[in-house]
Each structure stands twice: as structure tokens, then as C-alpha cells.
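# Commentary on secondary and tertiary structure
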Amino acid sequence: MLQKLRDSAYLERFLTSLNRLEELSNKLVAETPRQLSDATRLVVLYDRHGFLPASLVYWFNNVLNPSRTVLLFDVESFVYHVAPYRDGDPVLAYASNPYSPAVYELLQTTRALGYEAVLVLPQPRDERARGLLSRFESVRFVGVHDEVEYATLEAITVFKYYAGLYGDRLDARGGRLRKHAEEGFSVLGEELVGKYVGNLEDVVSERAVYVSSTRFLEPAGLLFSQALRSAGISSVYVSLEQAPLSGHLLLLYNSVEEFLVKQRVVELTRLGVKVHSIQMNTDPLESLVYFAILSLFINALKS
């Protein structure tokens, strides 16, 4: 497995996959639901690894367009605790598993209560499931099946959409995000992997790895843990505050969060935890996408 990460044929397959996702994302940006930009209030929901694109919608708006009200809930919390008691704000939902019971609960709830909703799903492989879901006008399928691919695709799509929409905000930061979105992510795939392949080899050499992160990067950490499991490595995500006191821990964070994690890393190391860190030196919003791309690279080990 270690040799495979540096294998040129493996890298080429990964880059081909990343290029395919970015090409698809360019089409999806053009088809993005109007709720993403037009509504003054928006409810964003997620199930499983839909957490990553949903978080990007939430953070882009709260950072670059704070006058807009965007609420973020998991699907089940919304269905049982929010939907019956709110006016019909537009709903945008991401779910990485089209067979999840939460998907059907959300579709039935939004239809019954009259919510204007869009639910973005990976394409089910099963024709019967695809037919059942297609009965709901709110469903939008994207052309992938795998959960890690789906989360990466939608993260790239959301980033490109909002970086283009809000490129004139926050002075240089907005312009920089828009420039990077226009340049694309696939062109950086090989450089990104090359920079962190040593860290990734350390992680995949272990039989069991906890994954942790700052709160901001939690959706990326959950996705990374999923990719490790797909590659045959026992992995579970834990919050940094609840990190285990033994074993191996992969810690994801970005450079602006270094102060937040430094003391905790010292404590865990003193207790004997083997901490593997990956620090992303980029804009925090971009770091969510870059960690997804690294997850995609690990996820390819399953084949």
C-alpha cells in the first residue's frame, strides 16, 4: 500500500479522476439552484458526508456575505425539531448516500410542509431507487456514486460558485478566492499529493488511526476517516477535545488554527499518543477542499 501511493500509474489514475470531477463541477456550477444566491434566508442541510459542501455554503455566506441569514442543520434535526415550527424558508440539502432513510424523511417532510427544497444526491446504482427518488421534483442527481467522490465534487462546485459570486468581497481575500477558483483545483493535484505524500504514507502504514481536527475542519476530518476505512484501515473520527490517550491520531488543521491545536498536541504526545499532523497553509475555505482532494487520493486505494 505504501509503494502504491508513490506509483506513477496510481497517481495518474487519481489525477484523471480529479480532472473528471472538476469538469463535472464546472457544469454543475452553471446549473446551481437559485436558492444559493437569491434568497435572503437559506436553510442548509446535510446527511453523512453532505456535511462538507453544506459547511462550505454556510461559511462562504457567513464570512463573505454576513447580511444573509444561513442556518445549518443535519437532516434529522431539521425534520424532527425545526421544520414543523418554521416558515417555509428555502432549503438546500446535501446527502452522500441516496439510500439513507434520512433522505426519504426529508423529501416527505419538505413536500408535506410546502418547503421549496433542492436535495443534491449521488446517482443511485439501483434503478428502482433512482425511480423512487425521481418522483420528487426537489431531487438533483450528480454523476458519481462514491461518497468521497460526491463530497469532493460538491465541495469544488460550492467553492467555485461562491468564489465567483463573492469575488469582490473582503478586498484581496475575495479576489484571491475567485482567482483560485478560476484556475481550478485539478492543476494542483500532483503538487498537493507530492507535498503531503510522506504524511499520508505514515498514516496508511498503521492498522488503526483516529482522525481529528479543529471544529471548522470537522467535515473534512469525517471524510478523511471515511477514505481510510475505504482503503481498509480501521478509522474513526473524534473531536480534538475527546482524542484518545493512546494509539495513532491524524490531526488536520490549517495554519491560522495552529495556536488552537499546539497545546493539545503537546499534551497528547506527552501521554504517548503518536500524532500525525497535516497542516494546510492556505485560506481556511480552500483548506476544506484541499483536504477533500487528499481524501480522494487515499480513497482510490480501495480499488
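Read on for a plain summary of the structure.

Parameters at a glance
- Residues numbered from 1 in each chain as written.
- Predicted model: local features only at pLDDT ≥ 70, side-chain atom pairs only at ≥ 80, totals over all residues.
- Heavy atoms only, no water.
- Pairing = 2+ DSSP bridges.
- Helix = DSSP H or I, 4+ residues; strand = E, 2+ residues; numbered from the N terminus.
- 1 Å grid on protein atoms, 1.4 Å probe; cavity = no way out; pocket = protein on both sides within 12 Å on 5 of 7 lines; lining within 4 Å.
- Points joined across faces, edges and corners; volume = space filled by probe spheres on them.
- Nonpolar A, V, L, I, M, F, W, Y, C, P; charged D, E, K, R; others polar.
- Right-handed = clockwise from strand over helix to strand, strands pointing away.
- Phe/Tyr/Trp six-rings, centres within 6.5 Å; stacked < 30°, edge-to-face > 60°.
- Salt bridge = Lys/Arg side-chain N within 4 Å of Asp/Glu carboxyl O.
- Buried < 20%, exposed > 50% of the residue type's maximum accessible area, 1.4 Å probe, protein only.
- Contact = heavy atoms within 4.5 Å.
- Axes fitted to C-alpha atoms, helices over the stretch in contact; angles between N-to-C directions.

### A few points about the pairing of strand S5 (residues 139–142)
- Bridge count for strand S4 (residues 117–122) against S5 is four bridges, and the pairing is parallel. Residue pairing across strands places Pro122 opposite Val142, the latter belonging to S5.

### Notes on empty space enclosed by the protein
- Scanning the model with the defined rule gives one cavity of 30 Å³ or more in all.
- Empty space within the largest cavity amounts to approximately 30 Å³.
- As for the largest cavity, its lining consists of Val91, Ala93, Leu106, Leu107, Thr110, Ala117, Val118, Leu119 and Ser138.
- Elements represented by at least two residues in the lining of the largest cavity include exactly strand S3 (91–95), helix H5 (101–113) and S4.
- By residue class, the composition of the lining of the largest cavity is seven nonpolar, two polar and no charged.

### Things to note about the pairing of strand S9 (residues 274–280)
- For strand S8 (residues 248–254) and S9, the ladder comprises seven bridges, and the chain directions are parallel. Its bridge partner lying in S9, Asn254 is registered against Met280.
- Note on the crossover from S8 through helix H11 (residues 258–270) to S9: the handedness is right-handed.

### So, the packing of aromatic side chains
- Applying the stated criterion across every chain yields a total of 13 aromatic pairs.
- Grouping aromatic residues by their ring pairs yields a cluster made of Phe60, Phe159, Tyr161, Tyr162, Tyr166, Phe185 and Tyr290.

### Side note on the pattern of salt bridges
- All told, the structure shown has 13 salt bridges when counted by the stated rule.
- Between Arg20 and Glu149 there is a salt bridge whose closest N-O contact spans 3.2 Å. With Arg20 in helix H2 (residues 8–30) and Glu149 in helix H7 (residues 147–165), the pair connects residues that are 129 residues apart, well separated along the chain.
- Assessed through its relative accessible area of 17%, Glu149 is described here as buried.
- A salt bridge links Arg173 to Asp283, with the shortest nitrogen-to-oxygen separation between them at 2.7 Å. Here Arg173, found in helix H8 (residues 172–183), pairs with Asp283, found in the loop between S9 and helix H12 (284–299); they are 110 residues apart in sequence, far enough to count as distant.
- What emerges from the salt-bridge pattern is a single network uniting Arg41, Arg86 and Asp89.

### Quick word on the environment of His145
- Within the fold, His145 resides in the loop between S5 and H7.
- We classify His145 as partly exposed; its relative accessible area is 34%.
- Each C-alpha atom of the pair His145 and Lys302 lies 14 Å from the other, and the pair is 157 residues apart in sequence.
- Ignoring sequence-local partners within four residues, the contact set of His145 consists of Pro122, Gln123, Pro124 and Arg125.

### Observations concerning the sheet that holds S9
- Spatial ordering of the open sheet is given by S7-S6-S8-S9, a layout of four strands whose pairing is parallel. The outermost strands of the open sheet, each flanked by one partner alone, are strand S7 (234–237) and S9. With strand direction ignored, the average angle separating the axes of adjacent strands in the sheet is 20°.
- Direction of pairing for strand S6 (residues 208–213) relative to S8: parallel, over a ladder of four bridges. Residue pairing in the sheet places Tyr210 in a bridge with Leu249 of S8.
- Strands S8 and S9 of the sheet are contacted by H11, whose axis makes an angle of about 165° with S8.
- Along the sheet, H12 makes contact with S8 and S9, crossing S9 at roughly 125°.

### A short note on the sheet that holds S4
- Sheet architecture is open: five strands sit in the order S2-S1-S3-S4-S5, paired in parallel fashion. Two strands close off the open sheet at either side, each with one partner strand: strand S2 (69–74) and S5. Recorded for the sheet is a direction-independent mean angle of 20° between the axes of neighbouring strands.

### Comments concerning the side chain of Ser138
- Tracing the sequence through the fold places Ser138 in the loop between helix H6 (127–134) and S5.
- Given the relative accessible area of 13%, Ser138 is considered buried.
- Non-local contacts of Ser138, meaning those with residues more than four positions away in its chain, are made with Leu107, Ala117, Val118 and Leu119.

Bear in mind that shape data such as this cannot, by itself, settle questions of function.
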